[in-house]
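One letter stands for each residue in the lines below.
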Amino acid sequence: MSASKIITLTTDFGIEDSYVSVLKGQIKRINSTAEIIDITHLIKQYSISSAAYIFKSILPYFPDKTAHIVVVDPGVGGARKPIIAELKAIDKQHCAYFIGPDNGILSLVSKNYRITIFEILPEKLNLFLRYKFKINYDFSNTFHGRDIFAPAAALLTAKKMHINNFTQKNNNFIALADCFAKKIEAKKYLVKVLHIDSFGNIITNLTITDLMPQKFRCLKIKNQVIDMLAHNYEQLPKQKKCGCIIGSMLHYEISANTASAAQLLKVKIGDDLIVFEK
């Protein structure tokens, strides 16, 4: 197994502290040739569903064998496993690597990628770093991004490095049911808010695979019924009213024309809505 030189970073660390810079420094001192690309560090804190959506949205658009560190990890130091996942697209020639916690971030890509899991063994990783790179430090129970995920990605992208020095194969991984819409009656879906973007667009877990646009009737959220399905944002009314669109990742979104739908409807990530079929 070998990755390209590209390592992407996606976290909920924010930009006010040193956490992101420490990840980059850790990568560079192990693999100085790594090319690091920031995706975002402003994911809603602790929102695994938001991280899952962002990861799904970037995955097809990076070169083959890119290594993606995704750290949204409310259970850091707990029972969840640190993993490297090899992802191979089912319908095309594309391979990528995920490095992060096994807490559900892989949920949305699990339908389109064959996933092989390698559990990272922190003790073996620590010994390997000491022996190979003379890096000696104690692991923290609160910063696995620095102590486990960044070094693992750096080694994965380095030449002639073998992850079997510090991993073991384990094909079980967590997939969160909340990342997928549920058909609860013949023409009725229970849907959740996956992510809210910086424009206030409310991105749901219902996709056109679940419900073709021509069969959309309406949705109900916060006691409001929305029956408009627009082709683009310009078609939405400008009177601070919300409508639906099919977003760029083919998820149903609730949006407003030059306004925040999330603010207008007072919606947050994880909220429920009901979608009705014609």
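Residues numbered from 1 in each chain as written. Predicted model: local features only at pLDDT ≥ 70, side-chain atom pairs only at ≥ 80, totals over all residues. Heavy atoms only, no water.

Under the counting rule described, the total for this entry stands at 6 aromatic pairs. Taken together, a centroid distance of 5.6 Å and an interplanar angle of 80° make the contact between Tyr19 and Phe143 edge-to-face. Of this pair, Tyr19 sits in helix H1 (residues 19-30) while Phe143 sits in the loop between helix H3 (122-133) and helix H4 (144-157), placing them 124 residues apart in sequence. The class for Tyr19 is partly exposed, based on a relative accessible area of 39%. Between Phe128 and Phe166 the ring centres are 6.2 Å apart and the planes differ by 40°, which places this aromatic pair in the tilted class. Placement of Phe128 in helix H3 and of Phe166 in the loop between H4 and strand E7 (167-169) is noted, with a sequence separation of 38 residues between them. Take Phe128: its relative accessible area is 13%, and that puts it in the buried class. Here the aromatic cluster, defined as three or more aromatic residues joined through ring pairs, consists of Phe13, Tyr19 and Phe143. (Phe/Tyr/Trp six-rings, centres within 6.5 Å; stacked < 30°, edge-to-face > 60°. Helix = DSSP H or I, 4+ residues; strand = E, 2+ residues; numbered from the N terminus. Buried < 20%, exposed > 50% of the residue type's maximum accessible area, 1.4 Å probe, protein only.)

What follows covers the pairing of strand E6 (residues 113-120). Across the 8 residues of E6, 6 count as buried, placing the element largely inside the fold. Note: strand E4 (residues 82-89) against E6, 7 bridges, orientation antiparallel. Its bridge partner being in E6, Leu87 is matched across the sheet by Ile115. Direction of pairing for E6 relative to E7: antiparallel, over a ladder of 3 bridges. What sits directly across from Ile120, in E7, is Thr167. (Pairing = 2+ DSSP bridges.)

With that settled, the discussion passes to unusual backbone geometry. Of note in the backbone geometry, Lys134 takes a positive phi value of approximately 55° without being a glycine. Relative to the helices and strands, Lys134 resides in the loop between H3 and H4.

Turning our eyes to something else, we now look at the nonpolar core. Of all hydrophobic cores here, the largest spans 36 residues; its most connected members are Ile69, Ile84, Ile99, Ile120 and Phe166. Of all elements in the fold, only strand E1 (6-11), H1, strand E3 (66-71), strand E5 (95-101), E6, H3 and H4 reach the threshold of two or more residues within this core. Take this core: its biggest share by element is 8 residues, from H4. Setting aside residues up to four positions removed in sequence, Ile69 forms contacts with Ile7, Thr8, Leu9, Thr10, Ile27, Ile99, Phe149, Ala150 and Ala153. (Core = buried A, V, L, I, M, F, W, Y, C linked by side-chain atoms within 4.5 Å. Contact = heavy atoms within 4.5 Å.)

Moving on, we get to the sheet that holds E3. The strands that make up a sheet are held in pairs by hydrogen bonds between backbone atoms, and each pair lies either parallel or antiparallel. Overall, mixed pairing links the 7 strands, which are arranged E2-E1-E3-E5-E4-E6-E7 in an open sheet. The outermost strands of the open sheet, each flanked by one partner alone, are strand E2 (35-40) and E7. Adjacent strand axes in the sheet meet at a mean angle of 25° when their direction is disregarded. Contacts from H1 reach E1, E2 and E3 within the one sheet, and its direction differs from that of E1 by about 155°. Against the sheet, helix H2 (residues 48-58) engages E1, E2, E3, E4 and E5, with an angle of about 165° to E3. (Axes fitted to C-alpha atoms, helices over the stretch in contact; angles between N-to-C directions.)

This paragraph deals with the packing of H3 against H4. The N-to-C vectors of H3 and H4 enclose an angle of 55°; their axes lie 11 Å apart at closest approach. In terms of orientation, H3 lies oblique with respect to H4. Handedness of the H3/H4 crossing: left-handed. Here Pro122, Leu125, Phe128, Leu129 and Phe133 of H3 lie close against H4, whose contacting residues are Asp147, Ile148, Pro151 and Leu155. Residue classes in the contact of H3 with H4 are distributed as 8 nonpolar, no polar and 1 charged. (Parallel < 35°, antiparallel > 145°, perpendicular 65-115°, else oblique. Left-handed = near helix turned anticlockwise from the far one by under 90°. Nonpolar A, V, L, I, M, F, W, Y, C, P; charged D, E, K, R; others polar.)

This part takes up the layout of surface pockets. Approximately 580 Å³ is the volume found for the largest pocket. Along the wall of the largest pocket there are 24 residues; nearest its centre are Lys56, Leu108, Asn112, Thr209 and Met249. Its residues assigned to classes, the lining of the largest pocket shows 13 nonpolar, 6 polar and 5 charged. (1 Å grid on protein atoms, 1.4 Å probe; cavity = no way out; pocket = protein on both sides within 12 Å on 5 of 7 lines; lining within 4 Å. Points joined across faces, edges and corners; volume = space filled by probe spheres on them.)

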